[in-house]
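Below, each chain spelled out in residue letters.
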Amino acid sequence: MQVLDRVKINQEISDLKKIYGEDRSALLPILQDLQEKYGYLPNLVMQETAHALGIHPVEVESVASFYSFFHRKEKQGKYVLRLCQTISCDLSGKAKVARQLENELGIKFGETTKDGMFTLEYTNCLGMCDQGPALLINDRLFARVTPEKVPQIIADCRRDFIKSAFPKVVPSDVRKSGPILSHDLKPGEGLKAALKNTRSGVISLIRESGLKGRGGAGFPTAVKWQLAGAAQSDKKFVVCNADEGEPGTFKDRYLLFQHTEMIFDGMTIAAYAIGAMKGFVYLRGEYLYLKQYLQEVLEKRRQNNLLGENILGKEGFNFDIEIRMGSGAYVCGEETALIESLEGYRGEPRNRPPFPVDTGFQNHPTIVNNVETFLDAALICVKGAKWFNEHGTEKSSGTKLFSVSGDCEQPGIYELPFGITIEQLLKEVKGENAKAVQIGGASGRCVARKDFNRTIAFEDISSGGSIIVFGPQVDMLEVAINFMEFFVEESCGQCTPCREGNVKLLEGLKLLEEGRCSASYLNELMRLAETIQLASKCGLGQSSPNAFVSIIENFKSEILGRVPEKA
Amino acid sequence: MEDNEKVMTESTVRAPKSTTPSTIKAPEDISAIGATIKVTIDGKEIRVPMGTTILNAARMLGINIPTLCHHNDLCISGVCRICVVEVEGMRTLQASCAYPISQPIVVHTHTRKVRQARRHVVDLLLARHYGECYSCVRNNNCELQQLAHEYGVDFYRFGHVDKPTYGRDNSSYAIVRDMDKCILCRRCVRTCIDLQEVGVYEAFERGNQTRIGTFMDNPMAELICINCGQCINRCPTGALHANDPSDAIWAAIDDPTKHVVIQTAPAPRSAIGECFGLPAGTPLTFEMNTAMRYCGFDKVFDTNFSADLTIIEEGTELILRLYKALVKKEPVSLPLFTSCSPGWVKYIEHFYPEMLSHLSSAKSPQQMFGAVIKTYYAELNNIDPADIVTVALMPCTAKKFECNRPEMNSSGFKDIDYGLTTRELAGMFQEAGIDLPNMPKSDFDEPFGTRTGSGVIFGATGGVMESAIRTVYELITGDRIDNLFERARIMPVRGFEGIRYAELPIAKVGPVPDLLKHLIPNWDWLRGATLKVAVAHGTANAKKVLDNIKSGGKLSECHFIEFMACPGGCLGGGGMPIPTNEEIRAARAQAIYAEDEASEVRKSYENPAVVRLYNEFLVDGPCGHKSHKLLHTYYTPRGKKLV
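Residues numbered from 1 in each chain as written. Chains lettered and ligands numbered in written order. Predicted model: local features only at pLDDT ≥ 70, side-chain atom pairs only at ≥ 80, totals over all residues.

1. With respect to the overall build of chain A
For chain A, the count of helices and strands is 24 helices and 14 strands. Overall, chain A is about 75 × 65 × 45 Å in size when its C-alpha atoms are taken along their principal axes. Residue burial in chain A is summarised as follows: out of 567 residues, 58% are buried. The long-range fraction of contacts in chain A, counting pairs at least 24 apart against all pairs at least 6 apart in sequence, stands at 72%. (Helix = DSSP H or I, 4+ residues; strand = E, 2+ residues; numbered from the N terminus. Buried ≥ 20, exposed ≤ 12 C-beta atoms within 10 Å, placed from the backbone. Contact = placed C-beta atoms within 7 Å.)

So, in structure tokens, the structure goes:
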């Protein structure tokens, strides 16, 4: 048992407060750093952190227990192996890799080896869906892991090789570029163009382009900026939602690495448009390996006066960006949950109204936009609204990045115009065989063959970019179970329909698997799914039964009346 | 006074932003153009101020919308989703408790979707709710049970758990936690953090693993808990309840060798009727006396006696501290803090141990009475104190902890053997088949039976201060307080404002009364002085007062401050009938002040029983040697660290 030194811990906390701030919003980064140091969060650390921030110890423990990357009970291994259990990796052979990891290490998932070297855990989507199964070891990513690679990976860990032997960032294949991905702009070029315009001029330009939020909800970006810009407050904030947690998406991970400057340009333009002085990138904990790189880019931008005071000579335009890490919670992709998390709380979505544009981070007007939205906005400022909206449909202008995974020959990143039919898309990715496509990730919808003529657009089938192709051999009931397991685990747990309802849907799927579910109970569950859609507190809760509903609706005959194998 | 006013008006809510009420404020002038908005609910129209919630608008119209996580004392939560309604033009249902109206809307409260959602919410909560109603302390007073009834639940649509997951935590003297009955409404979390600033509970984990936890999952006895029981009062189910001693009390009553006496605090009499279907604020003082005798208690005493005794002891302590500070120029801690509320005492022991010297050393009325019964009363009646069982009927769960403090045994015996709450006494009455409202009336037993108003107002926030002012003012000036305040109603210290401040000029002084002659030569040093006092209730308000004092704010100039752990004072205590809210507390307060006005004695120093005690027993006077031994105590700096 490690003897903890109270005086030393308090000194560390007080040093961390100097970096992250005096108020509660410093809580997550402080806990992240302390966990890094101690391997877990001992009770003493949580208590002293609470007192240093003027809150109760139970509040700190509550926050720590919410995020799956924090550990309160026991020290983690030197190497924490997190195997992705989400659908795409599941389809590409996760189960065998899991088995082999257990065999090699002699422990089960959730355990740590006796020598303190390895901890084995499952995690939800690592954003490597096109190259699964994916394994995250501390901050190193391993793609396309096969059972026979497992012994070597573990041996490399033992010899401390993994830091040198593997690249920090595993890129994804861009299979198809369009106007967005093929831009040739230099750092700051978007911002320079925007600063020539007035604040309202920038917003007008964005409005003209028809740009809608790329996260999937499709809220008009210009309206969001307009509302935040008009709100009266001494402080305003710009937040980049880089909490790309939706199963099947990985395009933001790619963008953050390959189009970093333009994303920061976009954030700075947004700050200019609404009058913000501070920005955050909320980067999901699974992308820790990107943090250092992003910070280097930010530093370079500060040196080039693309951040800081009087940016590019614009008198009074001051803005800076800070990277804040998530800690393993899908729900933090919901914007109000993200703000709660930034403030040092559990990532529990807020009641709306009021909306973040009015009452956001620390009750100040705040805009939260997706990574891709900022990139698009920066490019629009240089190339104009028409360049953007000549692609896509009237209500869904522009091109969209899609993360394609599953049963197709060419998984990867595609830039395609909105309004494309599913059929066309499947042709692009060479997945014409598909019996169904999951559009929009776990919270999206499962589209069967008969609907492949539908289009991907905000006015038809909306998507944040996740496309998972299911080949003819896929058992759709297993897919539904995987999605529902995901929501049961990732629900924030505050509202009754999402917390309790999804458990009942999952139990129902297990009954179906055993061939023991009556049609009338299935109908009751479909009504319950409707309740979850209608009565949950946040958008994620409301969309949590979508996969369940669409799979049941489309594949009833495949699912009902099963005879279990072991029967 | 500016910083003081700021302290007094700031909200105590330090809750997550997601649960703070909407920032859309109702305008001050609601007749101004655009200040009110038309809302149509189930075809009925009403104009409401901007920011009014749908729930409140519906209530104005007399339309019932069920609630569960919502509580009028607490900030908005919006998590249970039982109160959802359909708003025209919106795709999803809206939680009416959390939806601020900012534009004209049309609302429907019982459409198919709404009825289905509510029924599902109840079904889902029942699926995880372990236990059967007939073995639950909250049977017939449970909000979940009520909803199941209202929504016609006649089977467990989504199943039902048949085994407990967590088990019961009986470790605390005061509070029992039975998390298998928890429905995660988080009222206890909001109560403990926002109203009380204690922080025992928070939500742990997430998803279907979500539960209400305590720091390090410690049991209640090993936590920083002040035992105030406010969480119990707001729990909609039986997940939180008090540690009930009534079986042990029945056993004492049944034991012929035991002389069982009960003292009754002022607050329960104003509320116990609620347990028998009467409206809040129906006083049943004298019916209760008969009923307690009917149960088998040998004597029924009034805690008002020892409340008056407390005023004499604490008032003398105040005078002595002022005398030391102003005349002798000795270092003493001022302001003096009251010590009647055991929740408050434990709060300061944990959170501000460095300020314990401010706390009056006088025991609370409950403990003083116990000490007097096991000495003076035992002598008077020639009973062996070992055979006396002292029961205290209290509005309070913290009293259960207080009577078990090891230092509370100055007679050589436990001052008080059992702390019994209002709810628990009502339970004993029901068990004995007593129809309380129809019991004949009877008086308290002698020798402590005087009806005293200065004692009874201890039940309301500000009451201790009001009693102290009545006595101290008259002892110093020789003048009647009634000349300053009509009918001795000291209105500046009354009411429910979280923190109240008052000043009392002492224009002239009189002769030193006999009672204090051995302590003070004259009052000249107080002539022309202004006595500054404050009152705070709810420990979140107490925290603000203490912080203000520590930072040298206006409240540090006070001489005397009353603190009560519970919002509303004892009448809002954790042992009082459930539910509680502002209207109920106001009704109880009204009953208490009415009893004060009807009393023969309204100033503590005029209570003949108290005078007799000093003449016959505590002959070296207030704060004398004997009173110090029996009526005063010491405190433990506990701190707020568990590891």
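Picking up where we left off.
2. Describing the overall build of chain B
Scanning chain B for helices and strands turns up 20 helices and 18 strands. Taken against the 2.2 N^0.38 rule, which gives 26 Å for 643 residues, the C-alpha radius of gyration of chain B at 26 Å falls within 12% of a compact globule. Considered along the principal axes of its C-alpha atoms, chain B spans approximately 80 × 65 × 50 Å. In chain B, once contacts between residues fewer than 6 apart in sequence are set aside, the share between residues at least 24 apart is 76%. (Rg over C-alpha atoms; globule rule 2.2 N^0.38 Å.)

3. Considering the sheet that holds strand S18 (residues 560–564) of chain B
Residue and element names in this part refer to chain B. With mixed pairing, four strands are arranged side by side in an open sheet as S13-S18-S17-S16. What marks the edges here is a single partner per strand, and that holds for strand S13 (336–337) and strand S16 (499–505). Where S16 lies against strand S17 (residues 530–537), seven bridges are found, and the strand directions are antiparallel. Directly across from Ala502, in S17, lies its bridge partner Val533. (Pairing = 2+ DSSP bridges.)

4. A short note on the domain arrangement of chain B
Residues and elements named next belong to chain B. Domain parsing of chain B yields domain 1 (2–110), domain 2 (120–242) and domain 3 (246–305 + 366–438). Relative placement of domain 2 and domain 3: their C-alpha centres are 29 Å apart. In this complex, domain 2 contributes nine residues to the contact, which on the side of domain 3 involves seven residues. Of the residues belonging to the side of domain 2 that touches domain 3, the class tally is seven nonpolar, two polar and no charged. (Domains from an automatic or database assignment. Nonpolar A, V, L, I, M, F, W, Y, C, P; charged D, E, K, R; others polar.)

5. Notes on the domain arrangement of chain A
All names here are of chain A. Each assigned domain of chain A is listed with its residue range as follows: domain 1 (6–66), domain 2 (79–170), domain 3 (175–389), domain 4 (399–470) and domain 5 (476–559). In this structure, domain 2 and domain 3 have C-alpha centres spaced 32 Å apart. Every contact between the two is made by 17 residues of domain 2 and, on the other side, 14 residues of domain 3. When contributions to the side of domain 2 that touches domain 3 are tallied by element, the ones reaching two or more residues are helix H5 (87–91) and strand S4 (140–142). Of the residues assigned to the side of domain 2 that touches domain 3, the class counts are eight nonpolar, five polar and four charged.

6. Observations regarding the sheet that holds strand S1 (residues 36–41) of chain B
Residues and elements named next belong to chain B. Strand order across the open sheet formed by five strands is S2-S1-S5-S3-S4, with mixed pairing between neighbours. Two strands in the sheet have a free side with no partner beyond their single neighbour: strand S2 (44–49) and strand S4 (94–95). Looking at chain direction, S1 and strand S5 (residues 105–108) are connected through three bridges and run parallel. Its bridge partner lying in S5, Val39 is registered against Ile105. Helix H3 (residues 112–128) contacts strand S3 (84–87) and S5 of the sheet and is inclined by roughly 160° relative to S3. (Axes fitted to C-alpha atoms, helices over the stretch in contact; angles between N-to-C directions.)

7. Looking at helix H20 (residues 496–513) of chain A
Residues and elements named next belong to chain A. Its 18 residues place the ends of H20 25 Å apart at the C-alpha level, agreeing with the 26 Å of an ideal helix rising 1.5 Å per residue. Counted residue by residue, H20 has 14 buried out of 18 residues, so it is predominantly covered. A positive phi of about 70° marks Gly515, the residue just after H20. (Expected span 1.5 Å × (residues − 1).)

8. What to know about the packing of helix H3 (residues 43–53) of chain A against helix H4 (residues 57–66) of chain A
A packed helix pair is summarised by two numbers, namely the angle formed by the two axes and the spacing between the axes. Residues and elements named next belong to chain A. H4 packs onto H3 with a crossing angle of 120° between their chain directions and a minimal axis gap of 8 Å. Comparing the axis directions of H3 and H4 gives the class oblique. Crossing of H3 against H4: the hand is right-handed. On H4, the residues touching Met46, Gln47, Thr49 and Ala50 of H3 are Pro57, Glu59, Val60, Glu61 and Ala64. For the contact of H3 with H4, a count of residues per class yields five nonpolar, two polar and two charged. (Parallel < 35°, antiparallel > 145°, perpendicular 65-115°, else oblique. Left-handed = near helix turned anticlockwise from the far one by under 90°.)

9. Some remarks on the interface of chain A and chain B
Contacts between chain A and chain B engage 46 residues on the former and 48 residues on the latter. Looking at the side of chain A that touches chain B, the elements that each hand over two or more residues are H3, H4, helix H15 (335–342), helix H19 (476–490), H20 and helix H21 (519–535) of chain A. Across the side of chain A that touches chain B, the residue classes break down as 15 nonpolar, 16 polar and 15 charged.

10. Remarks on the packing of helix H10 (residues 199–209) of chain A against helix H11 (residues 221–230) of chain A
Residue and element names in this part refer to chain A. Their axes nearest at 8 Å, the elements H10 and H11 cross at an angle of 155°. Considering the angle they form, H10 stands roughly antiparallel to H11. For the element pair H10 and H11, the recorded crossing hand is left-handed. Residues Arg199, Ile203, Ile206 and Arg207 of H10 touch H11, and the partners they reach there are Thr221, Ala222, Trp225, Gln226 and Gly229. Class assignment of the residues belonging to the contact of H10 with H11 gives a composition of four nonpolar, three polar and two charged.

11. A word on the environment of B:Ile481
All names here are of chain B. By secondary structure assignment, the location of Ile481 is in the loop between helix H16 (463–477) and S16. Between the C-alpha atoms of Ile481 and Val260, which are 221 residues apart in sequence, the distance is 39 Å. What Ile481 contacts, discounting residues up to four positions off in sequence, is Ile469, Arg470, Tyr473, Glu474 and Ala488.

12. Focus: the nonpolar core
All names here are of chain A. Ala270, Val437 and Met484 are the most contacted members of the largest nonpolar core, which totals 369 residues. It is helix H13 (residues 260–274) that provides the largest number of residues to this core, a total of 10 residues. If near-sequence neighbours (up to four positions away) are discounted, Met484 is found in contact with Asn502, Leu505, Leu506, Leu509 and Phe548. (Core = buried A, V, L, I, M, F, W, Y, C linked by C-beta atoms within 7 Å.)

13. Comments concerning the environment of B:Gly455
All names here are of chain B. Relative to the assigned elements, Gly455 resides in helix H15 (residues 453–456). Judged by the 32 C-beta atoms lying within 10 Å of it, Gly455 is buried. For the pair Gly455 and Phe305, spaced 150 residues apart in sequence, the C-alpha to C-alpha distance is 6.6 Å. With near-sequence residues (within four places) excluded, Gly455 lies in contact with Pro266, Asn304, Phe305, Ala307 and Asp308.

14. Overview of the environment of A:Glu296
The topology assignment puts A:Glu296 in helix H14 (residues 291–303). Residues A:Glu296 and A:Phe161, 135 residues apart in the sequence, show an inter-C-alpha distance of 25 Å.

15. Focus on helix H23 (residues 546–554) of chain A
Counting buried residues in H23(A) gives seven out of nine residues, a clear majority hidden from the surface. What H23(A) keeps buried is the set A:Asn546, A:Ala547, A:Phe548, A:Ser550, A:Ile551, A:Ile552 and A:Asn554.

16. A short note on the confidence of the model for chain B
Scored by pLDDT, chain B comes out at a mean of 94, with 95% of its residues at no less than 70. Interface confidence for the predicted complex, given as ipTM, is 0.95, next to a pTM of 0.95. (pLDDT = per-residue confidence, 0-100.)

17. Topic: the pairing of strand S9 (residues 211–214) of chain B
Residues and elements named next belong to chain B. Looking at chain direction, strand S8 (residues 201–204) and S9 are connected through four bridges and run antiparallel. Note that in S9 the partner of Tyr201 across the bridge is Thr214. What sits between the antiparallel neighbours S8 and S9 is a turn of six residues, in which Glu205 has the positive phi angle 60°.

18. Some points on unusual backbone geometry
With an omega of 0°, the peptide bond running from A:Pro353 to A:Pro354 counts as cis. By the secondary structure assignment, A:Pro354 is in the loop between H15 and strand S9 (366–370). For the bond running from B:Glu446 to B:Pro447, omega is 10°, close enough to zero to count as cis. For B:Pro447, the position within the fold is in the loop between helix H14 (422–431) and H15. A positive phi angle is found at A:Arg144, which is not glycine, with a value near 45°. Relative to the helices and strands, A:Arg144 resides in the loop between S4 and helix H7 (150–158). Its 15 C-beta neighbours within 10 Å are what place A:Arg144 among the partly exposed residues. Residues other than glycine seldom take positive phi values, yet B:Asp42 does so here, at roughly 50°. Here B:Asp42 shows up in the loop between S1 and S2.

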